[in-house]
Structures are given as C-alpha cells and as structure tokens.
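Given next are the chains, with one letter for each unit.
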Amino acid sequence: MLIVLSALFATALVAPLLVRWFGRSAFYVLALAPAAGFVWLLTQLPAVVQANQTAPTGSVDAPPGIEVAWIPQLGVELAFRLDALSATLGLLLLGVGALVLAYCARYFKSEDASIGPFAAQLTAFAGAMFGLVMSDDLIILFVFWEVTTILSYLLIGYSRSRMFARRSALQALIVTTAGGLAMLVGLVAMGVTAGTYRLSEVLAAAPQLLGNPVIDAAVVLILIGAFSKSALVPLHFWLPGAMAAPTPVSAYLHAAAMVKAGIYLVARMAPGFAEAEPWRPLIICFGLLTLLVGGWRALRQHDIKLILAYGTVSQLGLLVTITGLGTGDAAMAGLALMVSHGLFKSALFLIVGIIDHGTGTRDLRKLSGLWRQHKVLFAAALISAASMAGVPPVFGFVAKESVLGATLQLPGALAAWVTAGVVIGSMLTFAYAARFVWGAFALKPGVEPTPSHPLSWEMAAAPVVLSALTLVLGFLPGAVEWIIGPYALTLPHEGKLEHLALWHGFKLPLGLTALTIAVGVALFLARRRVEAWQDKVYPLVDAERSYRSVMAGIDWVAVRLTGLIQRGQLSYYLMVILITALVVPALAALLLSTPWPGWDQLLLADSPAQAVIGVAMIVGAIGAVRAGKRFMAVLMVSITGYGMAAIFAFQGAPDLAVTQVLVETIVLVAFFLALRVLPSRLGHSSGVGKKAVRLIVAIGFGVSMMAIAAIAMASRSAEPVSLRFPELAYEGGNGKNIVNVTLVDIRAWDTFGEITVLAAAATGVASLIFVVGRGDRIRNIGDVADFDPGTVERPVHGSHQRLAAAFADISRDAPRDNWLVAGRTLAPERRSIIIEVVTRLLFHTLLLLSVYLLLAGHNTPGGGFAGGLVAGLALTLRYLAGGRIELFESIRLGPGTLLGSGLAIAAITGLAPVFFGGAVFQSLAVDFWFLGWHKFVTSTFFDIGVYLVVVGLVLDVLTSLGAELDRRWDTAPRAVREHAGEAMG
C-alpha cells in the first residue's frame with residue numbers, strides 16, 4: 001500500500017518535468033502509475049475477500065495492513081488497512097484515474113498553459129484519495145481528506161484567468177473546508193472517547209460507545225463533513241459551480257473520486273454507528289431531499305454538463321441514503337450503486353468533453369444530429385445513460401433493483417417512505433438521463449446538424465471502456481458481489497444477503513422499475529411543460545444565494561472591522577502588540593500566585609566583560625532612539641544584536657553566537673537594501689504626549705519581559721529537560737553538537753515547521769516586490785548591454801570621466817569566462833575596486849566554509865542554518881561587487897527552486913525511514929572508513945534541506961530588495977530618479 005501511495009505522489013512530483021519533455025503525451029506515462037496500482041490491487045483481492053473484515057490489524061485472519069509510528073505521544077500512526085470497502089473504492093479510484101489521465105493526453109494540447117502543474121495535481125489527487133480510503137487512523141484520514149480539498153481547489157480553478165473558475169474554486173474550498181473542520185472536531189472527540197484513533201478499533205468498540213452524548217455529537221459533526229464533501233442539500237451548490245473545471249476533472253473528482261469521499265466515510269462508519277440516535281434521521285432526510293432536489297434541478301438545465309452535475313448531486317443523495325441505512329442488504333446495494341455510478345457518470349462526463357471539444361458548445365438547444373457523426377460515442381452514451389436511469393440489462397439496473405429490495409425490507413412505515421422517495425427520485429433520474437441523450441445527440445427539428453471534428457480513438461477509448469464495463473457487469477454482477485460482499489456481512493442482516501442479479505423474477509422491485517420508466521418517459525415527453533412549470537415555481541430558498549449573502553455579510557463586517565483597527569500605521573500596530581504583551585502578563589502576575597525571585601537571586605553580570613557588553617547594548621538602544629537618520633538607527637540597533645552574540649559566546653554557546661552574528665549581518669544587509677527607497681532622515685513630528693506614551697510602553701515592555709524571564713526561572717520545580725539533551729544528542733542523535741542535533745533530530749518537527757515558515761515569509765516578501773512571477777527567471781549576461789560612464793545617475797566630467805572610461809574599457813577587454821564577469825554591466829561610477837578585490841578573495845572561501853559548517857555541524861559548531869547564512873553572505877558579496885547580473889551569474893537557480901528543493905529534501909528525509917520500518921524523522925548512523933573511521937548520520941540530509949532553504953531565503957531577499965529595486969531604478973526616467981534622489985536626501 002505504501003509503495004503504491006508513494007509511487008502516485010512521486011509520479012506527481014515528476015509530472016511537470018515529464019510534460020516538459022513529452023508534451024501532452026506525458027499523460028500516458030502518468031497513467032501508468034494508477035494503472036500499476038490497479039493491477040496490484042487485483043492481485044490482493046483473494047487475500048482481502050477471504051479475510052475476517054473485523055479482525056484487528058496484525059492478526060492471522062485480518063485484512064492486509066501496515067502501521068508505522070508517527071506521533072506516539074498522541075496515539076497517531078501511519079496506519080493503512082486494505083479491507084473489502086477500501087479495495088472497492090481503490091479499484092474505482094485507480095482504474096478510472098488511469099483512464100482519465102490517458103484521456104487527458106488528447107483532451108489538452110501540448111501548448112496549453114499550466115498543463116504540467118495540472119498533471120501533477122490530478123495525479124497527486126489520485127494518491128490522496130487512495131491514501132484516504134486506505135487510512136486506518138482517524139487523523140491520517142483527515143489529513144488526506146484535506147489534501148483532496150486543496151487539490152480540488154487548484155484543479156477547479158485551472159482556468160484561473162476566468163473569474164467564474166476562480167470563484168467556483170473558492171466556493172468549493174470554503175464549503176468543503178468548513179465541513180472538514182467540523183468533521184475534525186468529531187473525529188478527535190470520537191478518538192478521545194474511544195481511547196484510540198485507530199479506525200478499526202473505534203468501530204470494534206462502537207457497541208460500548210453508543211448512547212454517549214459525546215459520540216452522538218461526534219457522529220453529527222462527522223456527517224456534516226461527509227455531507228459537505230458529497231454535496232448534499234443544503235451544501236450541494238458548490239458541485240454545479242465546480243463544472244468550471246476542465247472535463248477530466250469533472251469526470252474524476254465529481255464522479256468517481258472526491259464526491260465519493262463522503263459516501264466512503266458514511267459506509268465506513270455505518271457498521272459501528274448506524275444505530276446512533278442522530279444517524280438515520282440525518283442520513284434519510286438529507287439524502288432523500290438531495291435526491292429529489294438534484295433531479296428536479298437537472299430537468300431545467302440546458303448545458304449538458306450541468307445536467308450531469310445536478311444528476312450527480314441527486315445520485316449522491318441516493319448513495320448516502322442507501323449506504324447509511326445500516327443493513328447488510330442496503331450496504332450491498334449501496335456499494336453496487338457506487339461502483340455503477342462511478343462508471344457511468346465518468347463515461348458521460350468524458351463524452352461531454354469530447355462533444356465540447358468537437359463542436360465548441362454544450363448547449364442542448366444548439367446541438368443536433370451528433371449521433372450520425374459519432375455512432376460509437378452515441379452507443380457509449382446510450383449505455384451509460386441507461387445505467388444511470390436503471391434500465392436493463394446494464395449494471396445500473398442491477399444496482400437499482402438491489403436498492404429497491406433493500407428499502408422494502410426496512411421496518412414499518414420507514415420502508416414505505418424511503419421506497420417512495422427512491423422511486424420518485426428514480427423517475428426524475430430517468431427523465432434527465434433521457435434529456436441528456438436527446439440533448440446531446442438527437443436531431444432536433446428546426447436546428448441545423450451541428451458540425452463536429454472527427455473523433456480520435458485515443459479520446460474515445462476511455463468512455464467506451466467504462467461504458468462497456470457497465471454493460472458487462474450487468475451480465476456478470478457476481479464479480480462485484482464477490483468484492484463487496486464481505487463488507488456487507490459486517491452489518492446487521494437476517495439470513496443470507498440478497499444477491500446481485502440481473503433477474504430476480506416478477507417481484508415488487510421490478511414493478512417499481514417499470515413504473516419509474518413509464519413516469520420518466522412521460523416527464524421527458526412533457527419536458528416543455530415541466531420547464532415552464534419550473535420557471536413559475538422558483539425556489540423560495542436558494543442555497544447558493546444564501547451562501548453569497550452570508551459571504552457578503554462577512555465581507556461587510558470585515559471591511560468595517562478592518563477600517564476600525566487597521567489604520568495603515570506601523571507604529572500603531574506595534575504599539576497595540578507591545579501594550580498587549582505588557583498588560584496581559586502583568587495582570588496575570590498580579591492576580592495569580594507568582595513566585596517572585598528574591599533580591600539575593602538577582603545577578604547583574606557574570607563577568608566584567610558581560611557588564612561592558614550590556615552597557616554597549618544599552619548605548620546602542622539609546623543611540624537608535626536618538627538617531628536622526630535611518631542608516632544610523634539601523635547601525636545602532638545592530639549593536640544590540642552583535643552584543644547578544646557576544647553574550648552567547650561568553651556563556652559558552654558558540655553555535656548560538658555564530659548564528660546570531662550571521663543573522664544580524666544578513667538582516668543588516670536587508671535593511672540597507674530597503675533603505676535605498678526610503679527618505680534618509682527620520683521624521684520627529686510626534687508631540688510630547690505621544691513620545692511619553694511610547695517611552696512608557698517601551699520601558700515597560702522591556703521590564704516586563706525581564707520580569708517574565710526571572711519569574712519563569714524562579715518558578716521551576718522540576719528538573720530541566722535540557723539536562724538530558726547531551727545524552728539524547730550523543731546516544732540518540734549520534735552527535736556531539738547539542739544545538740544542531742536538537743534542530744535536525746530531537747526537535748526535527750519544530751525545525752521543519754520553521755523552515756516552512758521561512759519559505760512562506762520569503763514568498764510573501766517576493767510577492768510584495770514582484771507583481772507577476774517571482775524573479776526566478778535568471779537573465780543571461782550575454783543579453784545585457786555594457787554601461788557607459790555617467791549613464792545611470794548623473795553625468796561625470798573631466799578627470800572623473802577619463803578614469804571611468806578607462807575602467808569601462810578594461811572591463812570590456814576582460815575575458816568573458818572570468819568568474820566575476822558582470823562588472824561591465826554596472827556604470828563605472830558605481831563600481832568599487834576594493835569590494836571587487838575583497839569578493840575575489842572571500843567568495844570561494846566563504847562557500848567552502850559554508851559547506852564545512854554544513855557537514856561538520858553535527859559534532860562541531862555549525863549546521864545547515866549557519867552554513868546557509870555563510871553561503872548567503874557570499875552571494876551578498878557577489879551582488880555588491882557586480883550588481884544584479886553578477887548575482888544571477890553566481891547562481892543559476894532561482895530562489896523559489898532552492899526553497900522548494902530544500903523543503904522537499906527535508907520532507908523526504910523525514911518520510912524515508914517509514915519505508916524501512918522506522919519512525920518519521922528517525923535518523924541512522926553509518927560508520928565508514930576514509931583516511932580514518934568516520935560516522936555519517938542520515939539527519940545530515942535534513943540539514944542539507946535547511947541549508948538550501950536558508951540560501952533560497954537570502955537569495956530571495958537579494959533579488960527582491962536588491963536586484964528588482966536596481967532594475968526599477970535603472971529603467972526609471974532620469975526625472976523620476978532625480979526627484980527620488982532629492983526626496984531621499
């Protein structure tokens with residue numbers, strides 16, 4: 001299971017590269033991943049079917065499963081289990097996924113925009129859905145659930161230049177995420193109450209949990225999540241809007257995959273919680289209401305894709321109702337209907353894509369006579385539509401007969417009500433199925449035959465295969481029953497389960513099917529009258545209109561709240577933060593029992609040197625406040641940072657000292673780059689009152705932080721956990737540098753979160769500077785012209801001009817393969833011979849030092865963070881020596897590539913141990929001989945990821961605040977530069 005899951009995500013990672021190499025034909029290669037998973041799953045079916053579906057994972061007769069410790073403190077594991085229900089969904093997801101990916105190879109053009117990311121997202125979606133249905137841990141299930149939500153947002157919004165696509169994607173994201181958050185609360189409550197997050201164990205303990213109010217509330221919250229994902233009323237409106245997505249997305253996500261997630265969750269929980277008090281009322285009421293609303297709305301659509309969309313909403317309501325009834329026969333019928341729906345609805349969506357491609361329209365009022373031009377396509381559509389309508393002899397009829405048989409077995413009046421709802425919904429289904437076939441293919445009076453492009457067999461293959469499978473399974477339903485039967489047996493049933501069969505004899509279900517077909521035909525023939533009546537009976541409550549009203553209300557409140565508290569003044573925001581940080585701890589210290597330290601415990605300084613450093617930091621802080629220019633203020637602030645590094649050094653923390661010095665230097669460079677576009681002098685327009693308030697807040701905040709630190713140390717009653725860190729670092733992390741081992745091993749999760757935040761912050765900085773793109777497109781020096789003296793800021797004359805011209809001539813005659821090559825692209829008056837000489841001396845040395853710090857940091861001061869900062873300083877020197885083109889010449893990778901590669905390496909390092917039976921981020925030490933015995937620890941790979949993220953961050957700062965601002969300045973008109981120069985002093 002893990003291999004298939006990993007292969008799907010690995011294929012998604014390389015998808016953009018494959019598309020770049022092979023164009024749209026790369027989709028054929030991508031289709032091999034789910035196809036291989038499908039074949040593997042077929043080989044596992046005998047073991048799955050013969051297993052005891054309720055046996056705990058690991059026992060002799062249990063279904064295949066795997067479990068890897070992830071967060072043992074919380075009881076969360078990477079647990080996966082392949083039982084009959086998971087296998088059924090897995091076959092549907094992987095099989096249809098492979099066909100849809102192959103279909104994409106002819107649906108898209110190689111030159112279409114963003115098909116590389118699209119291919120990656122669609123393949124990753126298949127992986128996420130496979131992980132979801134295989135998960136045997138509630139938290140892991142939720143993780144995959146949310147991954148599908150995010151990927152569906154990206155896929156629906158593929159045509160991001162269209163407002164409707166962006167709005168539909170956001171609408172789907174908001175609705176499904178809100179439902180997912182409710183579901184998360186329910187899953188956590190259920191796991192805590194049951195004492196385990198293992199899904200199979202929760203279901204096994206369900207009889208003891210029923211009747212608990214917490215479990216009842218958890219069931220309601222979980223069903224809300226399922227209803228939002230499977231588009232049940234009143235959360236159904238996002239699904240028709242999602243038709244803004246390309247047709248392959250609709251065929252996969254909205255027919256066979258994403259919307260089935262809610263059905264799967266209902267089916268998964270039904271064996272344990274169908275007897276919970278709120279379960280059946282919610283399932284039956286919302287399921288049948290969705291069945292009727294979706295079918296009714298489908299009858300008034302003119303877009304054949306929207307007919308299928310509202311038909312999907314209707315069918316999802318039926319699926320939720322049947323799978324949630326909680327009986328063995330209903331489970332058998334529900335899973336059969338789910339398989340049938342996945343096959344016929346995927347085929348019909350793919351057929352819509354072919355029609356849209358060939359004719360340029362999906363409006364049934366404009367389509368006419370296509371059956372004559374595409375007879376094979378028409379036959380496939382007719383078979384799939386018949387399956388949707390429940391007409392024999394296709395598999396949809398078999399499933400629908402089983403549904404009616406299951407509802408008729410319900411107790412008392414419930415059987416009549418549910419059966420009536422199913423029959424009425426089925427009548428509507430037949431009517432809109434007939435409307436679809438007629439609208440897409442029939443020759444309509446008064447409408448000219450619609451011209452269409454020839455149909456290629458590669459594009460027709462997927463819907464034809466799916467339709468053929470629908471027909472074959474109608475005659476061989478036992479194949480499906482063999483797979484789903486073991487799951488159905490886990491629910492209550494009397495005697496033997498009703499078999500899936502094409503012919504059950506002349507029984508009531510057959511009579512109800514005949515009635516359904518008769519009324520469906522009548523509704524279709526009276527379609528004009530039905531449409532006219534629907535136009536008169538406009539819904540009093542429109543769910544989408546209600547959603548927009550709610551969102552408009554939220555926007556209204558947000559605008560007014562933002563106007564109240566967001567004043568556009570940085571000092572105001574800072575004041576609010578500092579006052580809050582001052583008042584809240586002060587009130588807590590005064591109102592609660594606080595162990596204040598005694599005077600005898602206070603120590604001003606450990607040594608005279610420390611006292612001197614403290615005085616220097618105080619002087620720097622006062623100097624920053626009193627500075628009249630921004631440049632001087634930044635320098636004074638940096639004194640406090642370097643002073644802190646000196647204190648770290650005196651306290652015996654060289655790692656912290658080195659890191660602090662490097663961080664302070666990089667921050668100083670970033671400040672200086674940003675100061676170039678700000679006025680040189682600081683304004684002092686604040687009155688005496690405001691200055692007094694600021695002084696009180698500043699001093700109070702400093703004193704408050706000092707008091708909090710002192711109180712925290714005085715409050716300690718247990719042995720500090722840090723005392724065990726040397727032992728943990730040496731024996732557990734196989735390193736002598738406690739700080740670095742803590743970062744990459746002991747607290748690797750924290751570090752991974754921090755570098756993720758760094759990448760997000762870098763992206764935020766870049767987005768503020770680069771309106772379009774990120775600046776990852778590196779310019780080649782050959783595309784840049786030489787600068788002449790005085791062409792940038794002001795003319796130079798006399799000896800200065802002769803000197804600058806000579807400097808420029810020397811640069812032009814310099815070898816083109818010289819490593820410091822971009823000096824000629826700078827105006828000579830901007831160049832510094834001192835900086836260039838220093839750069840020549842230090843650049844390679846700094847890079848070697850950065851690599852040394854990276855590799856040696858496990859046992860000596862250093863590490864990926866410090867090494868990355870040193871490499872960043874080397875790039876900074878190169879930029880200062882030769883400008884932005886020199887920066888691009890020094891490293892041919894963009895900051896986004898470095899940030900992404902670093903995060904990917906760190907993530908892969910964390911996940912790799914799982915495939916060898918270890919825990920996430922577990923490290924391994926390997927002894928080897930090379931001119932002596934050495935020890936290599938695998939956490940070094942994680943440190944390499946940190947290194948790349950830090951280098952990418954620094955490069956992002958240099959390209960954003962350095963290179964991009966330089967470009968804007970150089971390309972600005974001279975009058976603008978002169979005016980800006982006067983403003984900046």
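Residues numbered from 1 in each chain as written. Predicted model: local features only at pLDDT ≥ 70, side-chain atom pairs only at ≥ 80, totals over all residues. Heavy atoms only, no water.

## Looking at the UniProt feature "domain: MrpA C-terminal/MbhD" (unreviewed entry) in the protein
Part 1: Sequence positions flagged by UniProt for "domain: MrpA C-terminal/MbhD" (unreviewed entry) are, in local numbering, residues 616-679.
Part 2: With 84% helix and 0% strand, residues 616-679 has end C-alpha atoms that lie 28 Å from one another. (UniProt positions renumbered as here; feature names shortened; annotations may be inferred. Helix = DSSP H or I, 4+ residues; strand = E, 2+ residues; numbered from the N terminus.)

## What about the domain arrangement of the protein?
Part 1: Domain parsing of the protein yields domain 1 (1-546) and domain 2 (819-984).
Part 2: At the interface, six residues of domain 1 touch five residues of domain 2.
Part 3: Where domain 1 touches domain 2, the interface holds zero salt bridges.
Part 4: Residue assignment for the side of domain 1 that touches domain 2 shows that the elements contributing at least two residues are α1 (2-22) and β1 (65-71).
Part 5: Among the elements that take part in the side of domain 1 that touches domain 2, β1 stands out by supplying three residues, more than any other.
Part 6: For the side of domain 1 that touches domain 2, the per-class residue count stands at five nonpolar, one polar and no charged. (Domains from an automatic or database assignment. Contact = heavy atoms within 4.5 Å. Salt bridge = Lys/Arg side-chain N within 4 Å of Asp/Glu carboxyl O. Nonpolar A, V, L, I, M, F, W, Y, C, P; charged D, E, K, R; others polar.)

## Topic: the environment of A389
Part 1: Structurally, the position occupied by A389 is in helix α17 (residues 375-389).
Part 2: When residues no more than four places from it in sequence are discounted, the contact partners of A389 are K400, T429, F430 and A433.

## Describing the pattern of salt bridges
Part 1: Inspection of the entire model under this criterion finds ten salt bridges.
Part 2: In this structure, the salt-bridge partner of D83 is R268, at a minimum N-O distance of 2.6 Å. With a gap of 185 residues between them, D83 in the loop between β2 (76-81) and α3 (84-107) and R268 in helix α12 (residues 258-273) connect regions that are remote in the sequence. Each member of the pair, D83 as well as R268, carries the same accessibility label: buried.
Part 3: Between R362 and D356 there is a salt bridge; the shortest N-O distance is 3.3 Å.
Part 4: The partly exposed category is assigned to R362, whose relative accessible area is 21%.
Part 5: Several salt bridges converge on common partners, so that one network encompasses E67, E77, D136 and R198. (Buried < 20%, exposed > 50% of the residue type's maximum accessible area, 1.4 Å probe, protein only.)

## Observations regarding helix α9 (residues 213-229)
Part 1: Across its 17 residues, α9 extends 25 Å between first and last C-alpha, which sits within 8% of the 24 Å expected from 1.5 Å per residue.
Part 2: By the burial criterion, the buried members of α9 are I215, D216, A218, V219, I222, L223, G225, A226, F227, S228 and K229.
Part 3: Between the side-chain oxygen of the N-cap and the backbone nitrogen of V214 there are 2.9 Å, and the N-cap of α9 in question is N212.
Part 4: Two residues or fewer after α9 comes A231, characterised by a positive phi angle close to 55°. (Expected span 1.5 Å × (residues − 1). Polar contact = N/O pair within 3.5 Å; in protein donor to acceptor, adjacent residues only side chain to side chain.)

## Some thoughts on the packing of aromatic side chains
Part 1: Applying the stated criterion to the full structure yields 21 aromatic pairs.
Part 2: Their ring planes at 55° and their centres at 5.9 Å tell us that F752 and F921 sit as a pair that is tilted. Residue F752 is found in helix α32 (residues 748-769), and its partner F921 is found in the loop between α36 (895-911) and β3 (925-929); the two are separated by 169 residues along the sequence. For the pair F752 and F921, a shared accessibility class is recorded, and that class is buried.
Part 3: Ring geometry for F936 against F941: centres 5.4 Å apart, planes inclined by 70°, an arrangement best described as edge-to-face.
Part 4: Accessibility expressed as a relative area gives 31% for F936, which makes it partly exposed.
Part 5: Through pairs of rings, three or more aromatic residues link up here, namely F27, Y103, Y107, F108, F118 and Y158.
Part 6: Just above the ring of W438 sits the side chain of R527; from NZ or CZ to the centre is 4.1 Å.
Part 7: Just above the ring of F524 sits the side chain of R527; from NZ or CZ to the centre is 4.5 Å. (Phe/Tyr/Trp six-rings, centres within 6.5 Å; stacked < 30°, edge-to-face > 60°. Lys NZ or Arg CZ within 6 Å of the ring centre and 35° of its normal.)

## Some points on the nonpolar core
Part 1: Judged by nonpolar contacts, the single largest core of 239 residues is most densely connected at Y252, M269, F273 and W279.
Part 2: A domain split of this core shows at least three residues from each of domain 1 (1-546) and domain 2 (819-984).
Part 3: Not counting residues within four places of it along the chain, the set of residues in contact with F273 comprises M190, V202, L203, A206, L209, L210, I215, V219 and W279. (Core = buried A, V, L, I, M, F, W, Y, C linked by side-chain atoms within 4.5 Å.)

## Points about unusual backbone geometry
Most peptide bonds take the trans form, and the phi angle of most residues other than glycine is negative.
Part 1: In the segment running from V233 into P234, the intervening peptide bond is cis, with an omega of 5°.
Part 2: By secondary structure assignment, the location of P234 is in the loop between α9 and α10 (238-241).
Part 3: In this structure, the amide linkage connecting P392 to the following residue, P393, adopts the cis form with an omega of 10°.
Part 4: Within the secondary structure layout, P393 lies in the loop between α17 and α18 (395-408).
Part 5: One non-glycine residue, A231, lies in positive phi territory at about 55°.
Part 6: Tracing the chain through its elements places A231 in the loop between α9 and α10.

## So, the packing of helix α2 (residues 26-50) against helix α21 (residues 478-488)
Part 1: Running from amino to carboxyl end, α2 crosses α21 at an angle of 35°, the nearest separation of the two axes being 9 Å. Classified by chirality, the crossing of α21 by α2 is left-handed. Of α21, the residues touching α2 (which contributes L45, P46 and V49) are W482, I483 and P486.
Part 2: Counted by class, the contact of α2 with α21 contains six nonpolar, no polar and no charged residues. (Axes fitted to C-alpha atoms, helices over the stretch in contact; angles between N-to-C directions. Left-handed = near helix turned anticlockwise from the far one by under 90°.)

## Quick word on helix α6 (residues 163-194)
Part 1: In this model α6 runs 46 Å from its N-terminal to its C-terminal C-alpha over 32 residues, within 8% of the 46 Å that 1.5 Å per residue would give.
Part 2: Positive phi appears at G195, one or two residues downstream of α6, with a value of about 85°.

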